Amino acid sequence: MNIIISNSSEHPIYYQITMQIKEAIIQGLLPPNSQLPSIRSLAAELQVSVITTKRSYEELENEGFITTVPGKGSYVAPKSNELLKELKMRTVEEKLEEAIDSARLIGLTLDDLVGLLKILYLEE
Amino acid sequence: MDIAVNLKDVSKRYDDFKLENLNICLESGYVLGLIGPNGAGKSTTIKLLLNHIKADSGQIEINGKSYDKSGPSIKNDIGFVLDQDHYYSHLTIRKIGRALSPFYTEWSQSKFESYIERFSLPFDKKISQLSKGMKMKFSLAIALSHNAKLLLMDEPTSGLDPIVRSELIEILSGVMLNDKKSIIFSTHITSDLDKIADYILLLNGGKTLLNEDKDALIERHAIVKGPKELSHEVSDHAIGIKKHKYGFEALTCDKNRFLNDSRLIFEKPTLDDIMLYYTKGESRC
């Protein structure tokens, strides 16, 4: 897994770490039940404060992506893949709804829209 | 939750300077950065923590103990790096190591020697022959060789080049892997703290201007830059403002108020920015 922090980003550092760990989980670089680096070793590696990494892990735990066992460490939650899929699913739905609204405005039919979707999907 | 350092309403007066109502509550396992201009009271604070001077009022507790009752036990657990010579300068590094060992119950000669090697210091040179950077590394080697729970450093990097400063930060990062260690680090080179500090205390003229978690501090402030025409509006909600011929720059803790104005540019402040604006301007936050 790679975590790359930008000091000039508008996003706070803890947020960047949280997002990139989620990415690593999605990509399977951090499989369910695998152990994350300790808060302290991550802080030392990235040269950020311990409070920053602690906050990232707390956010991840609040959102259900990891569980922290006091004295042992932090682990990727077993259901995290499903959680992320659900989140992505919601994003897909939202984007499709946006496309549908725009399509209606210019009078595209459902068939037109499906046809366009096929072309774009197969292009990539 | 272990508290490494607890200062309550500590004050110390000199003829022309007064350190007032200083409060520090540092949990074990964290780094506190003490910043402020020269003469702000940073060294006085470190001296109070080392019991080199006594407070006029207030309480000081280190690892739950007070100097009145447990002086020697506290000193055993503190490692320090000060910006001055305080070791016998005619002795060699090797000899000083041996001379110090009876003073600390957990002195480790092997740890000391391995730090000296790691810092590439010459064992058989006298302290007086070492460069500034080498003296700092030597003090650091001592501070790290007796299992100290608290590291106190007073301007350890002043006068040192960025390479040595960066090496120090790396070493301290390694120390902080242990959650039973704590560090208080005073400096006017705030960029050193941008990386490693968990908490920041800003002193100016003996008074505490800021005392909080570094991330929260940086997040709630923003540098705002914009055209001269907007400077009046912004200055009412800024800690300080710099106007020049072609525009202005200010530090605000209320950036949401201005976010929608596309004529303004926002940037994340550095600790340096925060220190400069707070010590120069009046706070409106």
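What you see is a predicted model, and the numbers here were worked out from it, not measured in a lab.

### A closer look at the overall build of chain A
- From N to C terminus, chain A includes five helices and two strands.
- The C-alpha atoms of chain A give a radius of gyration of 19 Å, which is well past the 14 Å a tight globule of 124 residues would have.
- A burial count over chain A gives 28% of its 124 residues as buried.
- Within chain A, contacts between residues separated by at least 24 positions form 49% of all contacts whose residues are at least 6 apart in sequence.
- Summing over all exposed atoms, chain A offers an accessible surface of approximately 8400 Å²; the carbon and sulfur share of this is 56%.

### Describing the domain arrangement of chain B
All names here are of chain B.
- What the domain assignment lists for chain B is domain 1 (3-213) and domain 2 (220-280).
- Here the C-alpha centroids of domain 1 and domain 2 sit 35 Å apart.
- Contacts between the two partners involve 13 residues from domain 1, matched on the other side by eight residues from domain 2.
- The largest per-residue losses of area from domain 1 upon contact with domain 2 belong to T190, D194 and L210, which jointly make up 41% of the total buried on that side.
- Applying the counting criterion to the domain 1 and domain 2 interface returns one salt bridge.

### Remarks on the nonpolar core
- Ranked by internal contacts, the top residues of the largest apolar core, which has 100 residues, are A:I21, B:V5, B:F138, B:L152, B:I183 and B:I184.
- The two domains that each donate at least three residues to this core are domain 1 (3-213) and domain 2 (220-280) of chain B.
- Among all residues touching A:I21, those that are not within four sequence positions of it are A:M1, A:I3, A:L30, A:L36, A:Y57 and A:L60.
- B:V224, B:V234, B:A238 and B:A250 belong to the second largest nonpolar core, which has eight residues in total.

### Topic: the interface of chain A and chain B
- With 16 residues of chain A in contact, the opposing surface of chain B contributes 19 residues.
- In total, chain A and chain B occlude about 1400 Å² of area from one another, counting both sides; carbon and sulfur atoms represent 46% of this.
- At the boundary of chain A and chain B, one finds one salt bridge.
- The salt bridge partner of A:R55 is B:E219, with a shortest N-O separation of 3.3 Å.
- Summed over the shared surface of chain A and chain B, the result is nine residue pairs in polar contact (both at pLDDT 80 or more).
- For the side of chain A that touches chain B, the secondary structure elements donating two or more residues are α1 (13-26), α2 (39-46) and α3 (50-62) of chain A.
- Per-element tally for the side of chain A that touches chain B: the top contributor is α3(A), with five residues.

### Concerning the pairing of strand β5 (residues 78-81) of chain B
Residues and elements named next belong to chain B.
- Side chains I78 and F80 project from β5 onto one buried face, and the interleaved G79 and V81 project onto a second face that is buried too.
- In this sheet, strand β6 (residues 150-154) lies alongside β5 in parallel orientation, the contact comprising four bridges. The residue of β6 that forms the bridge with V81 is M153.

### Brief notes about the sheet that holds strand β12 (residues 247-252) of chain B
Residue and element names in this part refer to chain B.
- With antiparallel pairing, four strands are arranged side by side in an open sheet as β11-β12-β10-β13. Single-partner strands in this sheet number two, and they are β11 (238-244) and β13 (265-267). Taken pair by pair, the neighbouring strands of this sheet meet at an average axis angle of 20°, ignoring direction.
- Where strand β10 (residues 222-226) meets β12, five bridges bridge the pair, whose relative direction is antiparallel. Across the sheet, the residue bridging to I223 is L251, located in β12.
- The sheet strands contacting helix α10 (residues 271-280) are β10, β11 and β12, and the helix crosses β12 at an angle near 95°.

### A look at unusual backbone geometry
Residues and elements named next belong to chain B.
- The phi angle at D9 is positive, at roughly 45°, despite the residue not being glycine.
- Among the secondary structure elements, D9 is positioned in strand β1 (residues 3-13).
- What makes D9 partly exposed here is its relative accessible area of 41%.
- Here the phi dihedral of N147 falls at roughly 55°; this positive angle occurs in a residue that is not glycine.
- Topologically, N147 is positioned in the loop between α5 (132-143) and β6.

### Brief notes about α1(A)
- Spanning 14 residues, α1(A) covers 20 Å between terminal C-alpha atoms, matching the ideal 20 Å at 1.5 Å per step.
- Most of α1(A) is tucked away, with ten of its 14 residues classed as buried.
- Within the span of α1(A), buried status applies to A:I13, A:Y14, A:Q16, A:I17, A:T18, A:Q20, A:I21, A:K22, A:A24 and A:I25.
- Elements in contact with the buried residues of α1(A): α2, α3, β2 (73-76) and α4 (80-105) of chain A together with α8 (214-219) of chain B.
- A:G28 lies just past α1(A) and shows a positive phi near 80°.

### Remarks on the sheet that holds β1(B)
Residue and element names in this part refer to chain B.
- Reading across the sheet, the three strands line up as β2-β1-β4 and stay open at both edges, with antiparallel pairing between neighbours. Each edge of the open sheet carries a strand with a single partner, namely β2 (18-27) and β4 (57-62). For this sheet the average axis-to-axis angle between neighbouring strands, irrespective of direction, equals 15°.

### Quick look at a negative patch on the surface
- Taken together, the side chains of A:E93, A:E94, A:E97, A:E98 and A:D101 make up a negatively charged region of the molecular surface.
- Here A:D101 lies in helix α4.

### A look at the packing of α5(B) against helix α6 (residues 162-175) of chain B
All names here are of chain B.
- Relative orientation of the contacting elements α5 and α6 amounts to 10°, with a least axis distance of 11 Å. As far as their axial angle goes, α6 and α5 are roughly parallel. Residues M136, K137 and L140 of α5 form the contact with α6, whose participating residues are V164, E167, L168 and I171.
- Broken down by class, the residue content of the contact of α5 with α6 amounts to five nonpolar, no polar and two charged.

Definitions and limits used
Residues numbered from 1 in each chain as written. Chains lettered and ligands numbered in written order. Predicted model: local features only at pLDDT ≥ 70, side-chain atom pairs only at ≥ 80, totals over all residues. Heavy atoms only, no water. Helix = DSSP H or I, 4+ residues; strand = E, 2+ residues; numbered from the N terminus. Rg over C-alpha atoms; globule rule 2.2 N^0.38 Å. Buried < 20%, exposed > 50% of the residue type's maximum accessible area, 1.4 Å probe, protein only. Contact = heavy atoms within 4.5 Å. Areas by Shrake-Rupley, 256 points an atom, 1.4 Å probe, with all protein chains shown as cover. Domains from an automatic or database assignment. Buried area = accessible area lost by both parts, 1.4 Å probe. Salt bridge = Lys/Arg side-chain N within 4 Å of Asp/Glu carboxyl O. Core = buried A, V, L, I, M, F, W, Y, C linked by side-chain atoms within 4.5 Å. Polar contact = N/O pair within 3.5 Å; in protein donor to acceptor, adjacent residues only side chain to side chain. Pairing = 2+ DSSP bridges. Axes fitted to C-alpha atoms, helices over the stretch in contact; angles between N-to-C directions. Expected span 1.5 Å × (residues − 1). Patch = residues over 30% accessible without salt bridge, like charges linked within 9 Å, V, L, I, M, F, W, Y side chains within 5 Å. Lys, Arg positive; Asp, Glu negative; His and termini not counted. Charge placed at Lys NZ, Arg CZ, Asp CG, Glu CD. Parallel < 35°, antiparallel > 145°, perpendicular 65-115°, else oblique. Nonpolar A, V, L, I, M, F, W, Y, C, P; charged D, E, K, R; others polar.

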